[in-house]
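Below are the chains, spelled out letter by letter.
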Amino acid sequence: MDTDRRKLLDAALADTDAFGDIVDHTKAMVYALAYGFFRNRSIAEDLAQDAYLALFRNLHKLESDMHLVNWLRQTATRKCIDYTRRKKNRPHLDLDSIPERHVGPIERDPILAGELALKVSELPVKMRMVVVLRFQEDLKLTEIADALGIPVNTVKTLLRRALIRLRPKVAHLTTEVAYAQSAR
Amino acid sequence: MRSQQDSSLVESVLRRSLVRRPAPVGFTDRVMAAIREERRPRPLKRNLAWFFPKISFRMGFALTGCVCAAMVLFTLGLPTGREDRNAEQAALHGAERELAEVLQLAGNKWNQAQEAAFSPRMDNNK
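Procedures and definitions
Residues numbered from 1 in each chain as written. Chains lettered and ligands numbered in written order. Predicted model: local features only at pLDDT ≥ 70, side-chain atom pairs only at ≥ 80, totals over all residues. Heavy atoms only, no water. Helix = DSSP H or I, 4+ residues; strand = E, 2+ residues; numbered from the N terminus. Buried < 20%, exposed > 50% of the residue type's maximum accessible area, 1.4 Å probe, protein only. Areas by Shrake-Rupley, 256 points an atom, 1.4 Å probe, with all protein chains shown as cover. Contact = heavy atoms within 4.5 Å. Buried area = accessible area lost by both parts, 1.4 Å probe. Salt bridge = Lys/Arg side-chain N within 4 Å of Asp/Glu carboxyl O. Polar contact = N/O pair within 3.5 Å; in protein donor to acceptor, adjacent residues only side chain to side chain. Arc of directions from axis to C-beta. Core = buried A, V, L, I, M, F, W, Y, C linked by side-chain atoms within 4.5 Å. Disulfide = S-S within 2.5 Å.

A. Representation of the overall build of chain A in the model. Looking only at helices and strands, one finds 8 helices and 0 strands in chain A. Order of helices (α) and strands (β) in chain A, N terminus to C terminus: α-α-α-α-α-α-α-α. The buried share of chain A, taken over its 184 residues, is 50%. In the form shown here, chain A has an accessible surface area of approximately 9,500 Å², with 50% of it arising from carbon and sulfur atoms.

B. Representation of the overall build of chain B within the structure. Secondary structure summary: chain B contains 3 helices and 0 strands in total. Seen in sequence order, chain B has helices and strands lined up from the N terminus as α-α-α. Here chain B holds 126 residues, and the buried ones make up 12% of them. Carbon and sulfur atoms provide 61% of the accessible area of chain B, an area that totals close to 11,000 Å².

C. Looking closely at the interface of chain A and chain B. Between chain A and chain B, the residue contacts involve 41 residues of the former and 27 residues of the latter. Contact with chain B buries area across many residues of chain A, yet A:Gln49, A:Phe135 and A:Arg167 alone supply 18% of it, more than any other trio. Summed over the shared surface of chain A and chain B, the result is 5 salt bridges. As a salt-bridge pair, B:Arg15 and A:Asp138 come within 2.9 Å of each other at their nearest N and O atoms. Linking chain A with chain B are 9 residue pairs in polar contact (both at pLDDT 80 or more). If you list the elements that add at least two residues to the side of chain A that touches chain B, you get α2 (19-38), α3 (41-57), α5 (110-121), α6 (125-136) and α8 (152-183) of chain A.

D. Local environment of unusual backbone geometry. Residue and element names in this part refer to chain A. Even without a glycine there, the phi angle at Arg 39 is positive, about 55°. Mapped onto the elements of the fold, Arg 39 is located in the loop between α2 and α3. Among the residues examined, Arg 39 registers a relative accessible area of 13% and is labelled buried.

E. Layout of helix α7 (residues 141-148) of chain A. Residues and elements named next belong to chain A. For α7, the full list of buried residues reads Ile 144, Ala 145, Ala 147 and Leu 148. The arc enclosing the buried residues of α7, seen along the axis, measures out at 165°, which places them on a common side. At the C-terminal side of α7, Gly 149 shows a positive phi close to 70°.

F. Inspection of the nonpolar core at higher detail. Ranked by internal contacts, the top residues of the largest apolar core, which has 70 residues, are A:Phe19, A:Tyr52, A:Leu55, A:Leu59 and B:Leu14. In this view, A:Tyr52 contacts A:Phe19, A:Val23, A:Thr26, A:Lys27, A:Val30, A:Leu72, B:Phe27 and B:Val31; residues no more than four positions away in its chain are not counted.

G. Quick peek at the side chain of B:Thr28. Relative to the assigned elements, B:Thr28 resides in helix α2 (residues 27-39). Of the polar contacts made by the side chain of B:Thr28, one reaches the side chain of A:Asp24; its length is 2.7 Å. Filtering out sequence-adjacent residues up to four positions away, B:Thr28 remains in contact with A:Gly20, A:Val23, A:Asp24 and A:Lys27.

H. Spotlight on the state of the cysteines. According to the stated counting rule, one finds 0 disulfides over all chains in the structure shown. Take B:Cys66: it sits in no disulfide, and the sulfur closest to it among the cysteines is that of B:Cys68, at 9.3 Å.

I. Here's a closer look at the pattern of salt bridges. A complete count under the given rule lists 7 salt bridges over all chains for this structure. Of the charged contacts in the structure, one is a salt bridge between B:Glu38 and A:Arg57, with a shortest N-O distance of 2.5 Å. Pair noted here: B:Glu38 is in helix α2 and A:Arg57 is in helix α3, and the two residues belong to different chains. B:Arg15 serves as the salt-bridge partner of B:Glu11, at 3.9 Å between the closest nitrogen and oxygen. Residue B:Glu11 and its partner B:Arg15 are located together in helix α1 (residues 2-17), separated by 4 residues, close to a single helical turn. Judged by relative accessible area, which is 24%, B:Glu11 ranks as partly exposed. Taken together, the shared-partner salt bridges in this structure form one network comprising A:Glu45, A:Asp46 and B:Arg30.

Following this line, the structure appears as structure tokens:
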């Protein structure tokens, strides 16, 4: 997206119904961010909607479409962290997110993915958000730092600690899954 | 070296496992409905609207300010009233005391006058 483009922004400012285009363009990022963090569909939907309502109220403050995306990401991130702090929500997997068994070799193992998502959801709040932003949203370290409002070095530290925590679990899970696949 | 390999393995597994989940169908409509709901002007709740006249926000604010100011002035004015009453009572007591003194003096004078009036007669009678 071009840094200076204001196509979406200008359209939404001129006509409220055009705000739907912004939602269509960015909902994958916002919803996936909230879902990746909570692993809960209803919470993710509510938080994503809150983020869009906040965007609608602050639309006139934004400068470009790129700014809009960054602002939205930052808002969604903060809303997720705030919600966790407010509700002391323990992350859990709901029924619809438990993967079904697949037959045959596939690149993305749903069992491994589900187990790993559960392990990620057990990480502390900021560490979890860093992992989601880095590996799900594929953001650079500077972008993560910008979204979370923390220094890049802190992001690096959080990421390193998260990987150290996840390493034995991942090794264990990959061994288990490989064994299960070879046994089939 | 081993640690780096482990980290890259973990990273690649994480990248493969943590994938974006698409937003549910109708999510945009839900958001737009929420925005329309927020934009919709809500009527003010007036339970006793039939009783109270319709006043503007500024007018209501001004009235509230006046009532508050009156209450503050009344509260501040109370000690002054009490002081006035105390001063009045003190003046009353003073006046009573003066009257008593005057009456006493008058009484003394009366007695002296009586004594003066009657004593020569008594002498004359003698």
